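Remarks on the overall topology
Each chain, written out:
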Amino acid sequence: MNKAVQAMQAVAVRVVRAVRVRARLGASARGDAGMATAEYAMGLVAAVAFAVVLYKVVTSGAVSAELQSIVKRALDAKV
């Protein structure tokens, strides 16, 4: 049992050292250079797609009429 505990401690020490090395090296150790640009591009595409869908919904007949009705009621409200 003593040898098993020593083996587990040795593994734990190696893991801690590997984590420390990775933390010191930063993103270059992970090899994900260029990923930020791709993530920003995908975010931009998703934002534009959402904006197009939102524009189509807001400019549709039923939604447009309802929004005009809401604005008209708000302007006609008595204080």
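Summary of the structure given here.

Conventions and cut-offs
Residues numbered from 1 in each chain as written. Predicted model: local features only at pLDDT ≥ 70, side-chain atom pairs only at ≥ 80, totals over all residues. Heavy atoms only, no water. Helix = DSSP H or I, 4+ residues; strand = E, 2+ residues; numbered from the N terminus. Buried < 20%, exposed > 50% of the residue type's maximum accessible area, 1.4 Å probe, protein only. Areas by Shrake-Rupley, 256 points an atom, 1.4 Å probe, with all protein chains shown as cover. Salt bridge = Lys/Arg side-chain N within 4 Å of Asp/Glu carboxyl O. Expected span 1.5 Å × (residues − 1). Patch = residues over 30% accessible without salt bridge, like charges linked within 9 Å, V, L, I, M, F, W, Y side chains within 5 Å.

1. Section: the overall build of the protein chain
Regarding its fold elements, the protein chain presents four helices and zero strands. Of the regular secondary structure in the protein chain, the N- to C-terminal order runs α-α-α-α. Going through the 79 residues of the protein chain one by one, you find that 0% of them count as buried. Approximately 7300 Å² of the protein chain is accessible, and the part contributed by carbon and sulfur atoms is 68%.

2. Remarks on the pattern of salt bridges
Under the criterion given, the structure shown has one salt bridge. Linking arginine 73 and glutamate 66 is a salt bridge whose minimum nitrogen-to-oxygen distance equals 3.8 Å. Of the residues examined, arginine 73 reaches a relative accessible area of 52% and is grouped as exposed. For glutamate 66, a relative accessible area of 44% translates into the label partly exposed.

3. Things to note about helix α4 (residues 61–76)
Over its 16 residues, α4 runs 22 Å from end to end, which matches the ideal 22 Å to within 8%, given 1.5 Å per residue. The buried fraction of α4 amounts to zero of the 16 residues, a small share that puts the element mostly on the outside.

4. Describing a nonpolar patch on the surface
Taken together, the side chains of Phe50, Val53, Leu54, Val57, Val58, Leu67 and Ile70 make up a nonpolar region of the molecular surface, amounting to roughly 620 Å² of accessible area. Looking at the nonpolar patch, the elements with two or more residues in it are α3 (35–58) and α4. Inspection of the secondary structure assignment puts leucine 54 in helix α3. Using a relative accessible area of 44% as the deciding quantity, one classes leucine 54 as partly exposed.

None of the figures reported here should be taken as evidence of function without further support.
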